[in-house]
Amino acid sequence: MRCLLLLLLLACSSAQAQTAVVQAQAAFDSGNFALAAELVSSEQESAAAQFLLWQLYAQTPLDDRGRAGRALSRAIELDPNNVAYREAQLVHLRKRRGTRVQNEYLELRRRDLAGDLLRIDSTNAVAHEEVGLVAAREFYEQFGRSTLTERRPGAGGGGDMGGATADARRVEAAYREAAERFEQAIRSAPEHASSYRSLLGLYARSEAWTDALRVARLMVRALPDNADARLWLGLAE
């Protein structure tokens, strides 16, 4: 009897949460963000409600990063294998900035999250983009402009570092990793403009214009209304 009562209570609670989420989503869509937040703020056991709270506090004028982060963490705690929640957490962490030590810690967290996402979905575009961003940062930090002009890793779609030093080979490895990850990201999610921009920036910096032109054309086809796509195409041609 106790088990039956517990199941009934859980069913009622779940139905109540679902109703609250539906009503809050309608309020969200109509622009009534405060009402939407009020409707789901007490639904601590609903992953969908907590994710909607994250959207409200992270993507609307309610703007409260602390509450957004807590809501998103709770959503993931309730539904740890939900890819959309983990993608959101990765994007949320990208927007955080602090001291050098704090930024290094945030990057480690993002790397771990990207690894978790790739274990769930090996083609996940957001995770591949994150790994690519880390590799690209290492490449930009280590490879000076003069060296870029002299060696141009990957220029024309196939350059290499020849008999370069160990440091130069590490730079080349970072470049290759970034390029491969960004390429995978646009294959997995051709609608994500940020991955194109990151890849095009990498190719332009290394003067790999053949690759830049190929990617710019892909971006124009996938995102014909995106102003950046046309700009990059003009630069690469």
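These lines cover the structure that appears in this document, whether it is placed above or below.

Calculation notes
Residues numbered from 1 in each chain as written. Predicted model: local features only at pLDDT ≥ 70, side-chain atom pairs only at ≥ 80, totals over all residues. Heavy atoms only, no water. Phe/Tyr/Trp six-rings, centres within 6.5 Å; stacked < 30°, edge-to-face > 60°. Helix = DSSP H or I, 4+ residues; strand = E, 2+ residues; numbered from the N terminus. Buried < 20%, exposed > 50% of the residue type's maximum accessible area, 1.4 Å probe, protein only. Contact = heavy atoms within 4.5 Å. Expected span 1.5 Å × (residues − 1). Patch = residues over 30% accessible without salt bridge, like charges linked within 9 Å, V, L, I, M, F, W, Y side chains within 5 Å. Areas by Shrake-Rupley, 256 points an atom, 1.4 Å probe, with all protein chains shown as cover. Salt bridge = Lys/Arg side-chain N within 4 Å of Asp/Glu carboxyl O. Lys, Arg positive; Asp, Glu negative; His and termini not counted. Charge placed at Lys NZ, Arg CZ, Asp CG, Glu CD. Polar contact = N/O pair within 3.5 Å; in protein donor to acceptor, adjacent residues only side chain to side chain. Core = buried A, V, L, I, M, F, W, Y, C linked by side-chain atoms within 4.5 Å. Axes fitted to C-alpha atoms, helices over the stretch in contact; angles between N-to-C directions. Parallel < 35°, antiparallel > 145°, perpendicular 65-115°, else oblique. Left-handed = near helix turned anticlockwise from the far one by under 90°.

### Some words on the packing of aromatic side chains
Right, so step 1: Taken as a whole, this structure holds 5 aromatic pairs when the rule is applied.
Right, so step 2: Taking the centre distance of 5.6 Å and the plane angle of 70 degrees together, the rings of Phe-28 and Phe-33 count as edge-to-face.
Right, so step 3: Linked through ring pairs, Phe-51, Trp-54 and Tyr-85 together constitute an aromatic cluster.

### Observations regarding the environment of Pro-224
Right, so step 1: Residue position: Pro-224 is located in the loop between helix 11 (209–222) and helix 12 (227–236).
Right, so step 2: For Pro-224, a relative accessible area of 47% corresponds to the partly exposed category.
Right, so step 3: For Pro-224, the contacting residues outside a window of four places in its chain are Met-219 and Arg-230.

### With respect to helix 9 (residues 166–188)
An α-helical segment advances 3.6 residues per turn. Residues three or four places apart therefore align on the same side.
Right, so step 1: An ideal rise of 1.5 Å per residue puts 33 Å on 23 residues; helix 9 measures up with 33 Å between its terminal C-alpha atoms.
Right, so step 2: Looking only at helix 9, the buried set comprises Ala-168, Val-171, Glu-172, Ala-174, Tyr-175, Ala-178, Ala-179, Phe-182, Glu-183, Gln-184, Ala-185 and Ile-186.

### A look at a positive patch on the surface
Right, so step 1: On the surface, Arg-65, Lys-95, Arg-96 and Arg-97 cluster together to form a positively charged patch.
Right, so step 2: Along the chain, Arg-65 falls in helix 4 (residues 65–78).

### Observations regarding the side chain of Asn-124
Right, so step 1: Locating Asn-124 in the fold gives a position in the loop between helix 6 (100–120) and helix 7 (125–142).
Right, so step 2: In this structure the side chain of Asn-124 is engaged in a polar contact, spanning 2.9 Å, whose partner is the backbone nitrogen of Ala-127.

### Let's talk about the nonpolar core
Right, so step 1: Residues Leu-200 and Tyr-203 are the most contacted members of the largest nonpolar core, which totals 30 residues.
Right, so step 2: Those elements that provide at least two residues to this core are helix 7, helix 9, helix 10 (193–205), helix 11 and helix 12.
Right, so step 3: Non-local contacts of Tyr-203, meaning those with residues more than four positions away in its chain, are made with Tyr-175, Ala-179, Glu-183, Ala-208, Asp-211, Ala-212, Arg-214 and Val-215.
Right, so step 4: Among the nonpolar cores identified, the runner-up in size contains 23 residues, and Val-21, Ala-27, Leu-53 and Leu-72 belong to it.

### Remarks on the packing of helix 10 against helix 11
Right, so step 1: Close contact between helix 10 and helix 11 brings their axes to 9 Å; oriented N to C, the two are set at 160 degrees. When the interaxial angle is binned, helix 10 and helix 11 end up roughly antiparallel. Where helix 10 crosses over helix 11, the handedness of that crossing is left-handed. Residue-level contacts link Ala-193, Tyr-196, Arg-197, Leu-199, Leu-200, Tyr-203 and Ala-204 of helix 10 to Trp-209, Asp-211, Ala-212, Arg-214, Val-215, Ala-216, Leu-218, Met-219 and Ala-222 of helix 11.

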